[in-house]
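Structural overview
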Amino acid sequence: MPGVSARGLSHEARRQLAVNLTRVVTLYRSILDAYIIEFFTDNLWGTLPCSWQEALDGLNPPQLATLLLGMPGEGEVARYRSVWPLTLLALKSTAYALAFTRTPGFQTPSEFLENRSQSSRLTAPFRKHVRPKKQHEIRRLGELVKKLSDLTGCTQVVDVGSGQGHLSRFMSLGLGLMVKSIEGDQRLVERAQRLDQELLQALQKEEKRNPQVVHTGPRHRPHHVVRWVDPTALCEELLLPLENSPQSEARLLLTGLHACGDLSVALLRHFCRPEVAALASVGCCYMKLSDPGGYPLSQWVAGLPGRELPYRLREGACHALEEYAERLQKAGPGLRTHCYRAALETVIRRARPELRRPGVQGIPRVHELKIEEYVQRGLQRVGLDPHLPLNLAALRAHQAQENRVVAFFSLALLLAPLVETLILLDRLLYLQEQGFHAELLPIFSPELSPRNLVLVATKRPLGETFSVLETEDS
């Protein structure tokens, strides 16, 4: 999907982009703030302009992917069956023009051409226990951190929210960096330590089998710390150097792979400390940001009208646009889930009007169920009588509107990257207001990793270095 590059924007252009984004988000807030499960109860289709309804009504899923989301299938050419209203075309163009580009500077991704489950850029010991998505992420972010560490003279990397330690192991045992891993879950840290030992043994066996392959440079095991990082307070442990790195000489690089919610904000605030020289952070789970506190961070965005991003908007910004477009192209029966859930909501409201949008635990193999079977199982999951009398004619009428449900959801998904752009732009402006240098780089394949924009920050200008960091060979 096309978009704007944060790297090519001046400070003033970034501020103007924030102004434009808040205006557009305000204009289309009714779409962004809608819950698709209320499609029937709140008549969401009826909230769209009549001209939009006429243009979108009857489009099948592949047509929605091609014409609305701008993601045609291989070899497919976009052909409009009617003249779309200018307002709908303007929404589509605006969504493309104002969102940060998520297209990385490499082809998608060459490391999996031979085997979809094994990265050709990682050796077997580093792939064990790691899914392809994570293999791609730890390699790309690890290599970027290594390059950034060399350029800024960092002596130690701090991996915050390190989980089972896959990234930490690659950076330390694979790239020779000194790494401290901070994770709040004791169980994850214990597993990380077991995996450290397992990897060390595997590397030693590999060297014995291939004595001609000599490992060069130091091989440091990551240093794990169990510590929950409070996003509102300074974490001294995060800033302490390792024992073999004198505090007076410590230059830290902070990183976090999908630092959830406020954790990514905590990284930004710790970056302001003099001990920290560089930052490489990939945020996620924007709906978990504190309000206020997690957004807005910059004085500029805080002063803009329409800056408010309630939970639903932030949650929508975490959806995978490319993945959903692929589902639309395949037009599988799984697309009916939203329609079924919206129909279930009408039955719940009739039975218990005060019960709004209850969570429904996953119902397996939805696509194989008749709509009344789904509703009965859904009623049971929310604590209602599954044998309530059902209006089958009404349920069938809802089911007949499946493509309209998919079309409305696609509209919201088209706009969702604008919300993510505003959140990340606010972080860039915050760092620039502190006098730092910051960029956003798309480093992961969006088909594999929906949150693929890494925020890179330094305390001195690095010129064209940011473009070097973005390349496949970084």
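Conventions used here
Residues numbered from 1 in each chain as written. Predicted model: local features only at pLDDT ≥ 70, side-chain atom pairs only at ≥ 80, totals over all residues. Heavy atoms only, no water. Axes fitted to C-alpha atoms, helices over the stretch in contact; angles between N-to-C directions. Helix = DSSP H or I, 4+ residues; strand = E, 2+ residues; numbered from the N terminus. Parallel < 35°, antiparallel > 145°, perpendicular 65-115°, else oblique. Left-handed = near helix turned anticlockwise from the far one by under 90°. Contact = heavy atoms within 4.5 Å. Nonpolar A, V, L, I, M, F, W, Y, C, P; charged D, E, K, R; others polar. Phe/Tyr/Trp six-rings, centres within 6.5 Å; stacked < 30°, edge-to-face > 60°. Buried < 20%, exposed > 50% of the residue type's maximum accessible area, 1.4 Å probe, protein only. Lys NZ or Arg CZ within 6 Å of the ring centre and 35° of its normal.

An unreviewed UniProt entry lists the protein under the name Methyltransferase like 25B, with Monodon monoceros as the source organism.

1. Digging into the packing of helix α4 (residues 61-68) against helix α18 (residues 402-433)
Orientation of α4 relative to α18, taken along the N-to-C sense of each, is 25°, at an axis distance of 10 Å. By the criterion of interaxial angle, the relationship of α4 to α18 is roughly parallel. Here α4 and α18 pass one another in a crossing that is right-handed. Counting all contacts with α4, which are made through Pro61, Leu64 and Leu68, the residues of α18 involved are Asn403, Val406, Ala407, Ser410, Leu411 and Leu414. Of the residues that constitute the contact of α4 with α18, the class distribution is seven nonpolar, two polar and no charged.

2. Things to note about the packing of aromatic side chains
Aromatic ring pairs are reported here in terms of the distance separating the ring centres and the angle at which the planes meet. As enumerated under the stated definition, the model contains seven aromatic pairs in all. Between Tyr28 and Trp52, the aromatic rings sit 6.4 Å apart at their centres with planes inclined by 35°, giving tilted as the arrangement. Of this pair, Tyr28 sits in the loop between α1 (11-27) and α2 (29-32) while Trp52 is found in helix α3 (residues 50-56), placing the two residues 24 residues apart along the sequence. The same class applies to Tyr28 and to Trp52, which are both buried. Each ring, one from Phe126 and one from Phe170, has its centre 5.8 Å from the other, and the planes form 85°; the classification is edge-to-face. Of this pair, Phe126 sits in helix α6 (residues 124-127) while Phe170 sits in helix α8 (residues 166-174), and the two are 44 residues apart along the sequence. Of the two residues, Phe126 and Phe170, neither departs from the other in class, the shared state being buried. The cationic tip of Arg312 hangs over the ring face of Tyr35; the distance from NZ or CZ to the ring centre is 5.5 Å. One Lys or Arg, Lys459, reaches over the ring of Phe271 and ends 5.1 Å from the middle of that ring.

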